[in-house]
Amino acid sequence: MKKNIAVLAGDGIGPEVIREALKVTKAIEKKFGHEFSYTEAITGACAIDEVGDPYPESTHAICMNADAVLFGAIGHPKFDNDPTAKVRPEQGLLRMRKQLGLYANIRPVETFDSLLHKSPLKKELVEGANFMCIRELTGGIYFGEKGRKDDGNTAFDNCVYTREEVERILKLGYEYAMKRNKKLTIVDKANVLETSRLWRQIGQEMAPKYPEVDTQFMFVDNAAMQIIQWPKNFDVMVTENMFGDILTDEASVITGSMGLLPSASIGIHTSVFEPIHGSYPQAAGKNIANPVATILSAAMMFEYAFGLMPEGALIRKAVAASLEENVVTEDISKEHAKSTSQVGDWIAQFIEKA
Ligand code: IPM
Ligand code: MN
């Protein structure tokens, strides 16, 4: 199969973890006889430094022309500590999501048996936990009108959702629930927010169309608690943009390390595959970051964007083997830590030899 992959490494540890993911995609390419071309493009703080724009038009054109985008991370501390900065790296990510129409962010939360001891939760609570968070990604408070009132001392961020936006994300939630264990948890704050009441109303209208699916409505504060108390109770969870941002960070740590979880952002144009962790600037350039989340994002790219299931499965098998053999970075094992590139090499070689 011929595919054109846009590679947006971004900032911080982005380039290091992307380098390892590319070793893996190249190993797959060779093994299965595919032909991939890779087109690199700039984004994030490094793009601001280069051209003054965190998601330049040239980068967008490369993404639009690609079959999939592999994305590293963006962000830089010099912007985090400067609330007055006019241009921010994160604006690049948000514009990319909006311009590519990536309305759904899919974050599978899966545990690895060999890492259960790393979870902050008791083994019996996490063993076998496996659920999928679907986060709405192009609406809500992230994209509503925002600003300051005249005196500069009053600020606002509007949260807006339309019926169309809610319907398409809930539909996706139901589709995944049908493919999985037929349980959908719709997370909102309908006791307080009008947007949440619209979500709940539309959810109630749609539920009878999916009689096989057990639909549950849950307030976000309760969901935050249940994720750590009974993670095994969830199958598919769907929620709005900001609740999803917060809940997926929470969900990610129950697996033992945030460095393990991939994500797929899908929608209207080219899909984007990226680790859920950020740019981790303290580790940048040190060859210590965990490349597994990005490598698993590449696995999702094969499965979701190219429909290449055996390729995705082989990557997952290689990752599971690396964890079992304790070929891991320092976030997983301080005593036996391997470098980012050693872990990537090991996984790529496993695929070559398979
Ligand atoms: C994420 C990140 C982004 C978000 C930031 C970097 C804008 O935290 O992808 O979860 O909040 O969506
Ligand atoms: Mn986040």
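In this text, all values refer to a predicted model and were calculated from it rather than measured experimentally.

For the rest of this paragraph, the subject is the overall build of the chain. Of regular secondary structure, the chain possesses 13 helices and twelve strands. Against the 2.2 N^0.38 benchmark of 20 Å for 354 residues, the chain shows a C-alpha radius of gyration of 20 Å, consistent with a compact globule. When the backbone C-alpha atoms are referred to their principal axes, the chain occupies close to 55 × 50 × 40 Å. Intrachain contacts of the chain at a sequence separation of at least 6 include 75% that bridge at least 24 residues. Of the accessible surface of the chain, which amounts to about 15400 Å², a share of 52% is contributed by carbon and sulfur atoms. In the chain, which carries 39 positive and 48 negative side-chain charges, the distance between the mean positions of the two groups comes to 2 Å.

When two helices pack together, their arrangement is captured by the angle between the axes and the distance separating the axes. Remark: helix H7 (residues 163-179) packs on helix H8 (residues 194-206), axes separated minimally by 10 Å, with the N-to-C direction vectors making an angle of 50°. Viewed along their axes, H7 and H8 adopt a mutual orientation that is oblique. Where H7 crosses over H8, the handedness of that crossing is right-handed. Counting all contacts with H7, which are made through Arg 163, Val 166, Glu 167, Ile 169, Leu 170, Lys 171 and Tyr 174, the residues of H8 involved are Leu 198, Trp 199, Gln 201, Ile 202, Gly 203, Glu 205 and Met 206. Of the residues assigned to the contact of H7 with H8, the class counts are eight nonpolar, two polar and four charged.

Counted as a void, the largest pocket has a volume near 730 Å³. Along the wall of the largest pocket there are 35 residues; nearest its centre are Met 258, Ile 276, His 277, Gly 278 and Ser 279. Where the lining of the largest pocket is concerned, the elements lending two or more residues are strand S3 (68-73), helix H4 (77-80), helix H5 (89-100), helix H10 (241-253) and strand S12 (272-275). No other element matches H5, which puts four residues into the lining of the largest pocket.

Right, let's get into the domain arrangement of the chain. Per the domain assignment, the segments of the chain are domain 1 (1-103 + 264-354) and domain 2 (120-255). Each of domain 1 and domain 2 was reduced to a C-alpha centroid, and the two centroids are 25 Å apart. Facing the ten residues of domain 1 at the interface are 14 residues of domain 2. For the pair domain 1 and domain 2, the summed buried surface comes to about 1100 Å²; carbon and sulfur atoms form 65% of the total. Linking domain 1 to domain 2 there are zero salt bridges. On inspection of domain 1 and its partner domain 2, the count reaches two residue pairs in polar contact (both at pLDDT 80 or more). Listing elements by their share of the side of domain 1 that touches domain 2, those giving two or more residues are H5 and strand S11 (262-266). Sorting elements by how many residues they give to the side of domain 1 that touches domain 2 places H5 first, with three residues.

Within the structure shown, the criterion is met by one cavity of 30 Å³ or more. Here the largest cavity defines a volume of roughly 40 Å³. Around the largest cavity sit Asn 290, Pro 291, Val 292, Ser 322, Leu 323, Val 327, Val 328, Thr 329, Ile 332 and Val 343, which together line it. Per-class residue counts for the lining of the largest cavity are seven nonpolar, three polar and no charged.

Let us look at the pattern of salt bridges. Inspection of every chain in the model, using the stated rule, returns 16 salt bridges. Its salt-bridge partner being Asp 53, residue Arg 95 comes within 2.8 Å of it at the nearest N-O pair. A residue pair is termed long-range when its members are at least 10 positions apart, and Arg 95 in helix H5 and Asp 53 in the loop between helix H2 (45-51) and helix H3 (57-65) qualify at 42 residues. The class of Asp 53 is partly exposed, set by a relative accessible area of 22%.

Here we take up the pairing of strand S9 (residues 214-219). Looking at chain direction, strand S8 (residues 183-188) and S9 are connected through six bridges and run parallel. Bridge assignment links Ile 186 to a residue of S9, and that residue is Phe 217. Chirality of the crossover, the property in question, places the unit of S8, H8 and S9 among those that are right-handed.

This part takes up the nonpolar core. Formed by 63 residues in total, the largest nonpolar core has its most connected members in Leu 70, Ile 134, Ile 315, Val 319, Ile 347 and Ile 351. When we break this core down by domain, the ones giving at least three residues each are domain 1 (1-103 + 264-354) and domain 2 (120-255). With sequence-adjacent residues up to four places away left out, Ile 351 is seen in contact with Val 24, Ala 27, Ile 28, Lys 31, Leu 314, Ile 315 and Ala 318. Among the nonpolar cores identified, the runner-up in size contains 19 residues, and Ile 227, Phe 234, Leu 247 and Ala 251 belong to it.

Calculation criteria
- Residues numbered from 1 in each chain as written.
- Chains lettered and ligands numbered in written order.
- Predicted model: local features only at pLDDT ≥ 70, side-chain atom pairs only at ≥ 80, totals over all residues.
- Heavy atoms only, no water.
- Helix = DSSP H or I, 4+ residues; strand = E, 2+ residues; numbered from the N terminus.
- Rg over C-alpha atoms; globule rule 2.2 N^0.38 Å.
- Contact = heavy atoms within 4.5 Å.
- Areas by Shrake-Rupley, 256 points an atom, 1.4 Å probe, with all protein chains shown as cover.
- Lys, Arg positive; Asp, Glu negative; His and termini not counted.
- Charge placed at Lys NZ, Arg CZ, Asp CG, Glu CD.
- Axes fitted to C-alpha atoms, helices over the stretch in contact; angles between N-to-C directions.
- Parallel < 35°, antiparallel > 145°, perpendicular 65-115°, else oblique.
- Left-handed = near helix turned anticlockwise from the far one by under 90°.
- Nonpolar A, V, L, I, M, F, W, Y, C, P; charged D, E, K, R; others polar.
- 1 Å grid on protein atoms, 1.4 Å probe; cavity = no way out; pocket = protein on both sides within 12 Å on 5 of 7 lines; lining within 4 Å.
- Points joined across faces, edges and corners; volume = space filled by probe spheres on them.
- Domains from an automatic or database assignment.
- Buried area = accessible area lost by both parts, 1.4 Å probe.
- Salt bridge = Lys/Arg side-chain N within 4 Å of Asp/Glu carboxyl O.
- Polar contact = N/O pair within 3.5 Å; in protein donor to acceptor, adjacent residues only side chain to side chain.
- Buried < 20%, exposed > 50% of the residue type's maximum accessible area, 1.4 Å probe, protein only.
- Pairing = 2+ DSSP bridges.
- Right-handed = clockwise from strand over helix to strand, strands pointing away.
- Core = buried A, V, L, I, M, F, W, Y, C linked by side-chain atoms within 4.5 Å.

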